[in-house]
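Secondary and tertiary structure notes
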Amino acid sequence: MVFCYARNDYYCVFKTDIQFGRFAMAIEKLSPSELEQQLQHLSDWVIAQQKLYRLITFDNFVDAFGFMTQVALLAESADHHPEWSNVYNRVEIYLTTHDAGGISERDFELAKKINDLLAE
């Protein structure tokens, strides 16, 4: 049985092709105006060091680390991983798309998922 992620009359894209980047679509860096527009719909995030940035403070280390574990699962499923750090009850998150050379739609998608997680 063949499972295709994408198919037309001429080709079938197999999971291994996607995993090894043979059919990867180019990820575009957002323009300054696109960044501003996206930021209007994303609370608590700013641009810092040319990346999306958010600082989150929790009640204690266990809550902060638990949150990071949940974000790690989201990031892994999206195959888009944050730059972040944790000191006791604080978590700093930087999002950027290295393949695009800056902030892309993927960063905003992950930031929205992180915000949703915090709203639960």
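Residues numbered from 1 in each chain as written. Predicted model: local features only at pLDDT ≥ 70, side-chain atom pairs only at ≥ 80, totals over all residues. Heavy atoms only, no water.

1. A look at the environment of Leu-30
Our working definition: Secondary structure elements follow DSSP: runs of H or I of four or more residues count as helices, runs of E of two or more count as strands, with numbering from the N terminus. A simple rule labels every residue: compare its accessible area, found with a 1.4 Å probe on the protein chains alone, to the largest value its type can have, and call it buried under 20%, exposed over 50%, or partly exposed in between.
As for its position among the elements, Leu-30 is in the loop between α1 (15-19) and α2 (32-39). Given a relative accessible area of 12%, Leu-30 falls into the buried group. As a C-alpha pair, Leu-30 and Gly-102 span 72 residues in sequence and 7.5 Å in three-dimensional space.

2. Description of a negative patch on the surface
Note the following rule: Like charges within 9 Å and nonpolar side chains (Val, Leu, Ile, Met, Phe, Trp, Tyr) within 5 Å are joined into patches, using only residues over 30% in relative accessible area that form no salt bridge. Note on areas: Shrake-Rupley with a 1.4 Å probe; residue coverage comes only from the protein chains shown. Only one rule defines a salt bridge in this text: a Lys or Arg side-chain nitrogen within 4 Å of an Asp or Glu carboxyl oxygen. Positive charge is attributed to Lys and Arg, negative charge to Asp and Glu, and no charge count is given to His or to the chain ends. By convention, the point assigned to a charge is CZ for Arg, NZ for Lys, CD for Glu and CG for Asp.
There is a patch of like negative charges on the surface, built from Glu-28, Glu-34, Glu-105 and Glu-109. Structurally, Glu-109 can be placed in helix α4 (residues 105-119).

3. Notes on the pairing of strand β5 (residues 83-87)
Put simply, the rule is: Any two strands are treated as partners once DSSP identifies two or more bridges connecting them.
Pairing between β5 and strand β6 (residues 90-95): 5 bridges, direction antiparallel. The residue bridging Glu-83 from the neighbouring strand is Tyr-94, located in β6. Linking β5 back to β6 in an antiparallel pair, the connection comprises 2 residues, with Tyr-88 at a positive phi of about 50°.

4. What to know about the packing of aromatic side chains
The following threshold applies: Whether two aromatic rings pair depends on their centres lying within 6.5 Å, for rings of Phe, Tyr and Trp, where Trp uses its six-membered ring; planes under 30 degrees apart make the pair stacked, over 60 edge-to-face, and the rest tilted. The criterion is that NZ of a Lys, or CZ of an Arg, lies within 6 Å of the ring centre and within 35 degrees of the ring normal, and then a charge sits over that ring.
In total, this model carries 3 aromatic pairs according to the counting rule given. Measuring from ring centre to ring centre gives 4.7 Å for Tyr-53 and Tyr-94, while their planes differ by 45°; the resulting arrangement is tilted. Note that Tyr-53 is positioned in strand β4 (residues 51-57) and Tyr-94 in strand β6, a separation of 41 residues in sequence. Comparing Tyr-53 with Tyr-94 shows no difference in burial state: the two are buried. Across from the ring centre of Tyr-94, 5.9 Å away, lies the NZ or CZ of Lys-51, which sits over that ring.

5. Observations regarding the sheet that holds strand β3 (residues 46-48)
Stated formally: Only C-alpha atoms enter the line fits that serve as axes; for helices the fit covers just the stretch in contact. Angles between N-to-C directions range over 0 to 180 degrees. The contact criterion used throughout is that any non-hydrogen atoms of two residues lie within 4.5 Å.
Taken in spatial order, the 4 strands line up as β3-β4-β6-β5 in an open sheet, and their pairing is antiparallel. Of all the strands in the sheet, the pair left with one neighbour each is β3 and β5. Geometrically, the sheet is characterised by an average inter-axis angle of 30° between neighbouring strands, direction not taken into account. Against the sheet, α4 touches β4 and β6, its axis set at about 15° to β4.

6. Let's talk about the confidence of the model for the protein chain
Note the threshold: Per residue, pLDDT measures the predictor's confidence, with a range of 0 to 100.
Looking at the protein chain as a whole, its pLDDT mean stands at 85, while 79% of the residues score no less than 70. Throughout residues 1-23 the model reports pLDDT below 50, and contacts reaching past four residues in sequence, or to other chains, amount to 21 contacts.

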